[in-house]
Amino acid sequence: MGRVLMVVDESSYCKDVKAKRTKNIISLGARADYRMILTGTEVVNSPLDLYAQFEFLKTGFWGVRSYFQFRMNYAILQDAYGAGGRTFKKVVGFRDVDKLANQIAPYIFRARKDECLDLPEKVRSVIHVELTEKQKRYYKELQKHLATILESGEVVTVENKVSLFTKFRQISGGTIKSGDEHIVLEDNPEKMEALLADIESHNEQAIIWAAFTHEIELISRALSKVAPTVTFYGEVSQDNREENVRAFQAGSARFFVANPSSAGFGLNLQNAHIQYVYSRHLSPAVNWQAEDRTHRVGQKNVCIYKTIVARGTVDEAIEEMLAAKTDLREAFRSMDNEAILKLCTLKESV
């Protein structure tokens, strides 16, 4: 019987030691004679993400008995309080990172895209818009609600922080989720008007990324009035996804409206070179992957990326934090109440 080589692509997704996917990959790897991991994503969250990836490559690679011992060796931990007054250890920093880097250095080969491929440049721009008066009213009401919760001394879990933050993001896009319903604040929010105005300036195909289902549906309805439009997100069946991708690649659809979590990986969409971001994913790695759907082998045109940002809102904070390669989902774990409130406060234009 021949030797078995197991290759894990996009290995950066094999990082949560408690995840079933990670456990299964490590278990399968133990049966292979040779193992390899591939990823085009930098380590953006923490050095701790490396544990499971190298445990797959070689059981016991780190010379410790468990992930928790590995974390003790490289993370600076601090007592924190969660829901119900429970205590847990929160990561507030890292130590001996050079030692960790030296340990993995002999097993790493890194090749930058610009060293391997002759691809056109990327050009980025921001389209700023203002919230409507109705959006501002909802935004400020939610801001007061958040302040009341934080000032009450109530323990706010990471999940609750993300949920509240998500509502601020939704308002800037023209909708807000209340329970199981989505309230449309504006039929044609300023972000939508800006998108429609910009696509009128060219006749090119374009990809539009949005983080929320209701935004994708809102955008696709508006763009369908302009030209054939296809979508790619969680509610679209696998067969329809494939059909929609083919239609866009063939040019029979001008617009491709998608969620970066669903369509940001593996697709070859270099027939287009213009992308719009209506709302961001909170992970820099996911956003990078989405960008590269057009910046691939075969692309002949300059790749253009236009982000639509509601001025004075969390949109601006998201752009700043992602530019610093900060994963916002992880950042919430260490944010105190004052930082959260500051992040979500509406900055009125002068």
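Residues numbered from 1 in each chain as written. Predicted model: local features only at pLDDT ≥ 70, side-chain atom pairs only at ≥ 80, totals over all residues. Heavy atoms only, no water.

## A short note on the overall build of the protein chain
Okay, step 1: Counting its secondary structure elements, the protein chain contains 15 helices and 12 strands.
Okay, step 2: Expected size for 350 residues packed as a compact globule is a radius of gyration near 20 Å; at 22 Å, the protein chain falls within 12% of this value.
Okay, step 3: Taken along the three principal axes of its C-alpha coordinates, the protein chain extends 60 × 55 × 35 Å.
Okay, step 4: When each of the 350 residues of the protein chain is scored for burial, the buried share is 48%.
Okay, step 5: Within the protein chain, counting contacts between residues at least 6 apart in sequence, those at least 24 apart form 70% of the total.
Okay, step 6: For the protein chain, the accessible surface area stands at approximately 18,800 Å², while carbon and sulfur atoms represent 49% of it.
Okay, step 7: Taken as two groups, the 47 positive and 46 negative side-chain charges of the protein chain have centres that lie 6 Å from each other. (Helix = DSSP H or I, 4+ residues; strand = E, 2+ residues; numbered from the N terminus. Rg over C-alpha atoms; globule rule 2.2 N^0.38 Å. Buried < 20%, exposed > 50% of the residue type's maximum accessible area, 1.4 Å probe, protein only. Contact = heavy atoms within 4.5 Å. Areas by Shrake-Rupley, 256 points an atom, 1.4 Å probe, with all protein chains shown as cover. Lys, Arg positive; Asp, Glu negative; His and termini not counted. Charge placed at Lys NZ, Arg CZ, Asp CG, Glu CD.)

## Some details on the pattern of salt bridges
A side chain with one charge may pair with a side chain of the opposite charge, provided their charged atoms come close.
Okay, step 1: If you walk through the whole model with that rule in mind, you get nine salt bridges.
Okay, step 2: One salt bridge connects Asp 315 with Lys 191, and the closest N-O pair in it is separated by 2.8 Å. Within this pair, whereas Asp 315 is found in helix α13 (residues 314-323), its partner Lys 191 is found in helix α8 (residues 190-199), the two being separated by 124 residues in sequence.
Okay, step 3: Taking the relative accessible area as the measure of exposure, Asp 315 reaches 9% and is therefore buried.
Okay, step 4: Arg 280 is the partner of Glu 319 in a salt bridge, and the nearest nitrogen-oxygen pair spans 2.8 Å. (Salt bridge = Lys/Arg side-chain N within 4 Å of Asp/Glu carboxyl O.)

## Focus on a nonpolar patch on the surface
Okay, step 1: Nonpolar side chains collect at one region of the surface, where Leu 5, Val 7, Tyr 34, Met 36 and Leu 38 lie side by side and expose about 460 Å² of accessible area between them.
Okay, step 2: With three residues, the top contributor of residues to the nonpolar patch is strand β2 (residues 34-38).
Okay, step 3: The topology assignment puts Leu 38 in strand β2. (Patch = residues over 30% accessible without salt bridge, like charges linked within 9 Å, V, L, I, M, F, W, Y side chains within 5 Å.)

## Comments concerning the environment of Pro 228
Okay, step 1: Relative to the assigned elements, Pro 228 resides in the loop between α9 (213-224) and β9 (229-232).
Okay, step 2: As for Pro 228 and Glu 133, which are separated by 95 residues in sequence, their C-alpha atoms are 32 Å apart.
Okay, step 3: Those residues in contact with Pro 228 that sit more than four places away from it in its chain are Ser 252, Ala 253, Arg 254 and Phe 255.

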